[in-house]
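The lines below spell out each chain.
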Amino acid sequence: MTDSSPSQHLFADVLVRVHRACAALAEEGALPSGLDLTRIVVEPPRDASHGDMATNAAMVLAKDAKTKPRDLAERIVTKLRADDLIENAEIAGPGFINLTLKLPVWADVLRDVLRDGEGFGRSAIGADEKVNVEYVSANPTGPMHVGHCRGAVFGDALASLLSFAGYDVTREYYINDAGSQVDVLARSALLRYREALGEDIGAIPDGLYPGDYLKPVGQALAAEHGDSLVKAPEAEWLGLVRAKAIGMMMEMIRGDLAALNIRHDVFFSERSLIEGSADRVAETIDFLREKGDVYEGRLPPPKGAPVEDYEDREQTLFRATAYGDDVDRPLKKSDGGYTYFASDIAYHKTKFDRGFHNMVDVWGADHGGYIKRVQAAIKAVTSGQATLDVKIVQLVKLLRNGEPVKMSKRAGDFVTLREVVDEVGSDAVRFMMLFRKNDAVLDFDLAKVIEQSKDNPVFYVQYGHARGFSIFRNAREVFPDLPEADAERRQFLGIADLERLSDPVEISLLRRLALYPRTVEAAAVAHEPHRIAFYLYDLASEFHALWTKGRDLPHLRFIINNDAQITRARLALVQGVVAVLASGLTVLGVHAPTEMR
RNA sequence: GCACCCGUAGCUCAGCUGGAUAGAGCGUUGCCCUCCGAAGGCAAAGGUCAGAGGUUCGAAUCCUCUCGGGUGCGCCA
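Residues numbered from 1 in each chain as written. Chains lettered and ligands numbered in written order. Predicted model: local features only at pLDDT ≥ 70, side-chain atom pairs only at ≥ 80, totals over all residues. Heavy atoms only, no water.

### Re the overall build of chain A
For step 1, the next point in the chain: Tallying secondary structure elements over chain A gives 18 helices and 15 strands in all.
For step 2, the next point in the chain: Taking the principal axes of the C-alpha coordinates as reference, chain A spans close to 85 × 60 × 40 Å.
For step 3, the next point in the chain: Counting over 597 residues, chain A shows a buried share of 51%.
For step 4, the next point in the chain: Looking at chain A alone, contacts between residues at least 24 apart form 71% of all its contacts between residues at least 6 apart.
For step 5, the next point in the chain: Of the roughly 27200 Å² that chain A leaves accessible, carbon and sulfur atoms contribute 50%. (Helix = DSSP H or I, 4+ residues; strand = E, 2+ residues; numbered from the N terminus. Buried < 20%, exposed > 50% of the residue type's maximum accessible area, 1.4 Å probe, protein only. Contact = heavy atoms within 4.5 Å. Areas by Shrake-Rupley, 256 points an atom, 1.4 Å probe, with all protein chains shown as cover.)

### A short note on the domain arrangement of chain A
For step 1, the next point in the chain: Domain parsing of chain A yields domain 1 (10–102) and domain 2 (180–250).
For step 2, the next point in the chain: Here the C-alpha centroids of domain 1 and domain 2 sit 70 Å apart. (Domains from an automatic or database assignment.)

### Details of the pattern of salt bridges
For step 1, the next point in the chain: For the coordinates displayed, the defined rule picks out 40 salt bridges.
For step 2, the next point in the chain: The partner of K244 in a salt bridge is E224, and the shortest N-O contact between them spans 2.8 Å. With K244 in helix α8 (residues 234–259) and E224 in helix α7 (residues 215–225), this pair connects stretches of sequence that are 20 residues apart.
For step 3, the next point in the chain: According to the relative accessible area criterion, E224 is partly exposed, its value standing at 49%.
For step 4, the next point in the chain: Two residues, R280 and E283, come together in a salt bridge whose shortest N-O distance is 3.6 Å. Of this pair, R280 and E283 both sit in helix α9 (residues 280–291), three residues apart, which is roughly one turn of that helix.
For step 5, the next point in the chain: Classification of E283 as partly exposed rests on a relative accessible area of 41%.
For step 6, the next point in the chain: Among the ionic contacts, a cluster of salt bridges with common partners joins R192, E195, D212 and K215. (Salt bridge = Lys/Arg side-chain N within 4 Å of Asp/Glu carboxyl O.)

### Thoughts on the protein's contact with RNA strand B
For step 1, the next point in the chain: Around RNA strand B sit 61 residues, and of these R46, F96, K333, S334 and W547 come closest.
For step 2, the next point in the chain: In RNA strand B, atoms within 4 Å of the protein come 56% from sugar and phosphate.
For step 3, the next point in the chain: Between N176 and RNA strand B, the recorded distance is 3.4 Å, taken from a side-chain N or O atom to a sugar or linking oxygen.
For step 4, the next point in the chain: Contact distances for RNA strand B include 3.5 Å between a phosphate oxygen and a side-chain N or O atom of D455.
For step 5, the next point in the chain: Broken down by secondary-structure element, the contributors of at least two residues to the surface near RNA strand B are α2 (57–65), β4 (96–101), α6 (180–196), α14 (457–475), α16 (504–526) and α17 (530–552). (Near = heavy atom within 4 Å. Polar contact = N/O pair within 3.5 Å; in protein donor to acceptor, adjacent residues only side chain to side chain.)

### Comments concerning the packing of aromatic side chains
The description of an aromatic ring pair uses the distance of the two centres, along with the angle that the planes make with each other.
For step 1, the next point in the chain: Evaluation of the coordinates by the stated rule reveals 21 aromatic pairs.
For step 2, the next point in the chain: For the ring pair Y174 and F268, a centre distance of 6.4 Å and an interplane angle of 35 degrees mean the geometry is tilted. Linking Y174 in strand β6 (residues 168–175) with F268 in strand β7 (residues 266–269), this pair joins segments that are 94 residues apart in sequence.
For step 3, the next point in the chain: Accessibility expressed as a relative area gives 1% for Y174, which makes it buried.
For step 4, the next point in the chain: Their ring planes at 10 degrees and their centres at 6.2 Å tell us that F318 and Y323 sit as a pair that is stacked. (Phe/Tyr/Trp six-rings, centres within 6.5 Å; stacked < 30°, edge-to-face > 60°.)

### Section: the UniProt feature "domain: Arginyl tRNA synthetase N-terminal" (unreviewed entry) in chain A
For step 1, the next point in the chain: Mapped onto this numbering, the UniProt entry gives "domain: Arginyl tRNA synthetase N-terminal" (unreviewed entry) at residues 12–101.
For step 2, the next point in the chain: This span, residues 12–101, is 42% helix and 20% strand, and a straight line between its end C-alpha atoms measures 14 Å. (UniProt positions renumbered as here; feature names shortened; annotations may be inferred.)

Structure representation (structure tokens):
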């Protein structure tokens, strides 16, 4: 295969061949022209005995072609058999076409991997389109706790995945620094300030933040202002103390994120929407009002949970129902300030104004009821030109040996993210958070994730990578000059006689490698990074199995002392596995170790 | 009451956006290994995909209803 496609995507290549076969049939008049080919897929068969790949082309096209699926399959098969990639094509079941590829195809796949290394699997489907991924966005009122960490890891991995798939990704954090919560923060900090000046403040009153983490803020304020704020009225110190506290909280949060190997490109301040020369929230409301999407009106009282101080009044409403939401949503509070929703509309409008037509928000499960209104708002504010996909991450149940972990009172009744990362490491946290679909609740067992056993997926996958390097180290008895550096080693192994990899288990492993680019694209399109984690687990599993086979069947060992040729080819296979494991782990933000300690 | 998410093996979960005989790990049971490549291997049992209808060549997947669990429901973010 000399005309390797830009994506090194074997499944995409074969799909092209199938399209070509259909086009040829159309030209001969055996098929109507202008058929919709987009529903045709080429996928791995459930059972390996069915061949290397299967396509549903005949079944999908049969109706429009006004023929029976199996008859049409017959014609497509004739074309496909003439293809230089395809060894054999057979019809099965209701009209599946099972394809067996020519053996050299697998050597070509490995050649691609050896050429591209960790870049294998990189895709261009994103076409450099801009995507904004907003995640974490925790309130700047304290350190991050475990509840935040799943969304943080998920968002970060999704951003990496989209980037790997060819999107131009911006990682963004929305700082909620404008609501009443940050005023509470400021009042809490002022108390710590008085404490730092030597005053006995007693117990922290209800409604204020009790955590010790505000003590450094108090000390910093004392150092900067002496006792000048003690007697000042709140109006004088509030803004100043608030800014200081938010600044220091954000520093702390950035530190927490850094411990998880997470960084954002943009930290967007909610306050910046209304401070300074322009009031972006007012502008946005005016914009919507001109479109007729904002009006003054009344809302029926909410059902279910009774609202204590409910008051039927006329208010400023966004016509969310015109865009798929269940009720219209208020934009102003009774005190005249904007609702959080109003700010959020303006905020998402700035994303659009900054050129993002693709947006992804990562939220906690408790915000699920908020999705419709924000999507409605984005439709209104961008005239349908932008899309927002909201990914909900479910709760994490923190366990230790199966028992729920008690909350630590000191930090203010929550387990901090830092405590967890310090205990089990960023790799374990990240991988386990991603080894589950985002919308399923997750049990996270502090004891199990650091276990060095097959039962621990983090270890299992990382050990696969390390085992590859262990094989390289042992291989130096046969190839003393096997290079240490990745690129050189890939080149060294790339000249191996890869066609000698012909044992069914070796081919099976190569088939798995060929699946990687397809997995990357599917995961990126679906916004589901967990698919990468599961793929890596499967790949590692198959690699370990092959290694183990060498115990009973010495001829299958990677290193065959009296046969440098086959050893080199198998080392190339190991290199392929190592490269893809490293690639996937990098996408997930997990370290790929060269040895386990 | 309404909206959204979920329901798959004893347990924890995948299932590639509608494909073939629904998979994996744990647990259970039975063998093998425990010298040549430590952090084991092989195999078996185990299913009304919550239930009932519908859509079509074909449904765990899409639609409707029912049951069961979670989340949320002006002026918190």
